[in-house]
Amino acid sequence: MRIPRILLALVLTLTGLAVLGGPSAAAPKHRVTYDRYSLLVDGHRFLLQSAEFHYFRLPSPDLWRDILEKEKAAGFNAISVYFSWAFHSPAPGKYDFTGVRDVDRLLRTAEEVGLYVVARPGPYINAETSGGGFPAWLKTVPGRARSSDAGYTAAYHEWLAHINPILARHQVTRGGSVLLYNVENEYAVNTDAVYMQDLQDTARADGIDVPITTNNCCDAGSWSSTWGSGLGAVQIPGVDDYPQSFECQNAGTVWGPWGAGVTEKVRDDAPVFAAEYQAGAIDLNNAGYEACRDLTGVPYTKFFQKGNMVLSGATAFSYYMGFGGTNWGWLGQPNDVYTSYDYGAAITEARQLTAKYDEYKRQGYFLQAVPPLAKTDPSTAPAVTGLETAARTNPDTGTQFLLLRNGSTTATTSTLDWNGYSMPVTLPGHDAKVLVGGFDLGGQRLVASTSELYTSAFIDRDIAIFYGAEGTAGTTVLRYASEPKVKVLEGTVTSSYAGGDLRLDYTHHGLARVLISGGGHRPLLLLIGTDDTAASFWRAGTAAGPVLVRGTELVRSASAGHGTVDLRADTSEAGPVEVFANARQLTVNGKPVPTRTGRSSSLEGSLPGPRGVALPALAGWKQQAEAPEAKPAFDDSRWTVADKTTSLSTLAPLTLPVLFSDEYGYHAGSVWYRGRFTGTGAETTVKLNAITGKRGDYLVWLNGRYLGSAPGGVQADSDAPANPNPGPGEFTIPAGLVKPGETAVLSVLVQNMGNNDDWTAEDSRFRQPRGLVGAAIPGISEVTWRIQGQARVDPVRGGLNNGGLYGERFGWSLPGYDDRGWHAAAKAVGAGVTWLRDDFTVDLPKNQDTSVALRFGGAIPSGHRVIIYLNGWNLGQYGAAIGPQTDFVLPAGLLRQNGRNTLALAVIAGQPSTVTTPHLVVVGSQRGGVPVRDVARLIN
């Protein structure tokens, strides 16, 4: 049955201009096509500007709208979304798309906000998630993953049978948001063309009729020559570009070690698609995500990403990440990330906007303002002494796009001779400009400018905003049939008219306002400012036309009618607001704002800032030791017998039986083992091996006596040969602890920090076991084992929230648990597991977005680690072995903003320790925001 579908796919792939959305689409609303230049929607060329967002890293569905509205406000017209198989499937045949896993809701929200979606259902996604998005139960399924092997094929068909129909009904062709469908992820490491083709055939059979793409890492490699066409080739191949690497600890000195960041054109009949362009970094070396934000800060974002626009001719951009979020629960891949997945992104984990956000906004508004950029060819660029230049020209309109880049660290001042004009230009170090010439700017004709175009709009007249670096010279030349009238309303601008062109010269400083009228064109209000001044403007569309707003922290949306413009906007402080709109009155968040007519015929008023926030002290901690599993008399009769002798893992067990936790259905968090043997009295040592993934450890008791702890192994991924002695621990048995002829009980608590991704598509990496891989007591030939992990899947929080700690199994992390028998916390804990709980009430201001975090002070402890639960949600892990993180975001919705909350801390100590309890802090507060309901109510 597959052969006809494969042949059909080949025909579609090789027909040049592909047209999708045919008979299989039910009442298609739009048509998506593409050619060598760009995507087209209903025949109109389209510049795709996408930001990566992972719904599974923000478990508060109301906040999905907050992030999507912030991306839209920055000029993005799409989000790129991985759909995580592991997040939805805790066990074979079990799938959940409710609550925080409701992707139907996510896609509806994108439609309501007005964003396209690049859907990426894998099956493999990587994304620094546990197993790379593969459910851990897949490790026990025969057949190499990411291949056409039968066992894996049956498994991923099951996943796609659940996710594809959801994506299909939300396609653009059916009036929805899904514009592109991405198969696999960075698959250059393997070349199973039958597998790649089957993914596409399956998608088509499930109703996917938008173009299919994939993302290849990195800078296309050799894949372009072998997979550009033929069996398995997608319609629009994309390329991942990470030019700045992940050396966050060297943010001040790293500059482009991984190349120029120019996206390769893989196929001549498809547009250049920057499928993942670096917009942050993994914190591989525990430098902290602020260092990663520096590594990929504003200079990087200007130099590489603007350069890529012109040097590659890309017309589809997707930036990884737009918002990173949180590796809550056991979501993260342990070798690359800790709890935070902030990623140094433009929107922080606490949902705050940064200077990088401003730069994305400048670039996003520019792309919206210049439709001719969607179809360009390389052209000859004028030489500028001391600067790199490149150019592209639209073959239909003649519009020119000129790149100027300064690769040095110091400012360069030179002269640009362009379109008949000699103009001074200064470019700071590691900076770039994309200049526009020969462009119909609304009702105006732009000849040339050394200032960058931010945006333009017609609001009773043309309004255009240009900008440049503070203190640098700028020139803008406009063409008129006769000499126009020039009135400088604010700032210092000189003008001259000759040969039909009006030349304006100025210095970028503050905000200059120039009103130009006559000359054969409609009036133009020219606003000229600095980078920061430009970013202070927001643009939003209404049925009555666009509006421009200055003075708010954010503009989420606007509507207009009957002479009034209504904004949904956030403010971070009290201050002035200015609105350009076809309106006489202003309301903000439903409340009237008194205004006057300003010097630019705008509405001017003032807005209040956020109200003060008072957070309670966490002073009621109670404490209780657990780990009854360590006691010899503990009843483990209902635990799973561990007696398997074989495994699909390519890493053989060091001893039998096989004790790998995944083999017994325990895939996340802590796992307990209890082994029984008949003692001789001569035992002196327990020898163990455990693989936990990076940052994990394990604790050992014998007959209730604590013997110590050891770091878990980190098997060297796919490197050969495999480490023959992973996670070793040798523990001395005290004399007399084991009695001759009596049954002894060995108890071991092993943490699974998450499963390896499958980056190299090799079983030796993905099937790497977790848990005990070897257990021996010299002199003892037989030990019988039982194992216990997560007791059941939390129906609300999902399969990745809880592990197998006693407190997790019996509800100690949950609100409402009766802890009246616990004693007041002494904060001194013994080796093993101790829980602390505190209830607190918050009453955050209404109609205000307040982001709250839990902060640990002092030195990060090395003797213990802490798992943090808020109202039952596992929101992070803290400790020196984990990473540098001391702030843990408590997302609204999980945090009851006007009510009672419960914090629980599970302290796992390898030695007696003193626990420093955390406190609550505000990490951002703005008047406005989106309504957020308690997640428990949403789900119930």
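Residues numbered from 1 in each chain as written. Predicted model: local features only at pLDDT ≥ 70, side-chain atom pairs only at ≥ 80, totals over all residues. Heavy atoms only, no water.

Draft legend 1. Local environment of the overall build of the protein chain. Along the backbone of the protein chain there are 14 helices and 56 strands. Computed over the C-alpha atoms, the radius of gyration of the protein chain is 30 Å, within 12% of the 30 Å expected from 2.2 N^0.38 for a compact globule of 940 residues. Viewed in the frame of its principal axes, the protein chain has a C-alpha envelope of about 110 × 65 × 55 Å. For the protein chain, buried positions account for 63% of its 940 residues. For the protein chain, the share of sequence-separated contacts (at least 6 apart) that also reach a separation of at least 24 residues comes to 72%. (Helix = DSSP H or I, 4+ residues; strand = E, 2+ residues; numbered from the N terminus. Rg over C-alpha atoms; globule rule 2.2 N^0.38 Å. Buried < 20%, exposed > 50% of the residue type's maximum accessible area, 1.4 Å probe, protein only. Contact = heavy atoms within 4.5 Å.)

Draft legend 2. Focus on the sheet that holds strand E14 (residues 400-406). If you walk across this open sheet you meet the four strands as E12-E13-E14-E17, and the pairing is antiparallel. Single-partner strands in this sheet number two, and they are strand E12 (377-379) and strand E17 (431-437). Taking the axes of each pair of neighbouring strands and ignoring which way they run, one obtains an average angle of 25 degrees across the sheet. Direction of pairing for E12 relative to strand E13 (residues 388-393): antiparallel, over a ladder of three bridges. Across the sheet, the residue bridging to Pro-378 is Arg-392, located in E13. (Pairing = 2+ DSSP bridges. Axes fitted to C-alpha atoms, helices over the stretch in contact; angles between N-to-C directions.)

Draft legend 3. Representation of the nonpolar core in the model. Counting 230 residues, the largest nonpolar core has Leu-48, Phe-53, Tyr-55, Phe-83, Trp-85, Phe-366 and Leu-567 as the members making the most contacts within it. At nine residues, helix H5 (residues 150-169) tops the list of elements feeding residues into this core. Discounting residues that sit within four places of it in the chain, Trp-85 has contacts with Tyr-95, Pro-123, Gly-133, Phe-134, Pro-135, Trp-137, Leu-138, Tyr-152, Ala-155, Tyr-156 and Trp-159. Membership of the second largest hydrophobic core comes to 30 residues, among which are Val-671, Val-700, Leu-746 and Ile-777. (Core = buried A, V, L, I, M, F, W, Y, C linked by side-chain atoms within 4.5 Å.)

Draft legend 4. Structural context of the packing of helix H2 (residues 61-73) against helix H4 (residues 103-113). H4 packs onto H2 with a crossing angle of 35 degrees between their chain directions and a minimal axis gap of 10 Å. Note that H2 runs across H4; the crossing there is right-handed. Contacts from Pro-61, Asp-62, Trp-64, Arg-65, Leu-68, Glu-69 and Lys-72 in H2 reach Arg-105, Leu-106, Thr-109, Ala-110, Glu-112 and Val-113 in H4. In terms of residue class, the contact of H2 with H4 is built from six nonpolar, one polar and six charged. (Left-handed = near helix turned anticlockwise from the far one by under 90°. Nonpolar A, V, L, I, M, F, W, Y, C, P; charged D, E, K, R; others polar.)

Draft legend 5. Structural view of the state of the cysteines. Within the structure shown, the criterion is met by one disulfide. Note that Cys-248 is cross-linked by a disulfide to Cys-292, the S-S spacing being 2.1 Å. Because the sign of the S-S torsion sets the handedness, a value of about 105 degrees for the bond joining Cys-248 and Cys-292 places this disulfide among the right-handed ones. Taken together, the positions of Cys-248 in the loop between strand E9 (236-241) and strand E10 (273-278) and Cys-292 in helix H8 (residues 289-295) put the pair 44 residues apart, joining distant regions of the chain. (Disulfide = S-S within 2.5 Å.)

Draft legend 6. The packing of H4 against H5, seen in detail. Across the interface, H4 lies against H5 with an axial gap of 10 Å and an inter-helix angle of 20 degrees. In terms of orientation, H4 and H5 fall into the roughly parallel class. At the point where H4 passes H5, the crossing takes the right-handed sense. Between H4, through Val-103, Asp-104 and Leu-107, and H5, the contact on the second element is made entirely by Ile-163, Ile-166, Leu-167 and Arg-169. (Parallel < 35°, antiparallel > 145°, perpendicular 65-115°, else oblique.)

Draft legend 7. The pairing of strand E20 (residues 452-458), seen in detail. Among the seven residues in E20, six count as buried, and that is most of the element. Bridging between E20 and strand E21 (residues 462-468) involves six bridges; their strand directions are antiparallel. If you follow Phe-458 over to E21, its bridge partner there is Asp-462. Connecting E20 to the antiparallel partner E21 that follows it, the hairpin turn spans three residues, and Asp-460 within it adopts a positive phi of roughly 70 degrees.

Draft legend 8. The arrangement of the sheet that holds strand E56 (residues 919-927) in detail. Taken in spatial order, the three strands of this open sheet run E53-E50-E56, and their pairing is antiparallel. What marks the edges here is a single partner per strand, and that holds for strand E53 (887-890) and E56. Here the average twist between neighbouring strands, direction ignored, is 30 degrees. In terms of strand pairing, strand E50 (residues 848-855) meets E56 through eight bridges, oriented antiparallel. Bridged to Ser-851 within E56 is Gly-924.

These results come straight from atomic positions and should not be treated as a statement about function.
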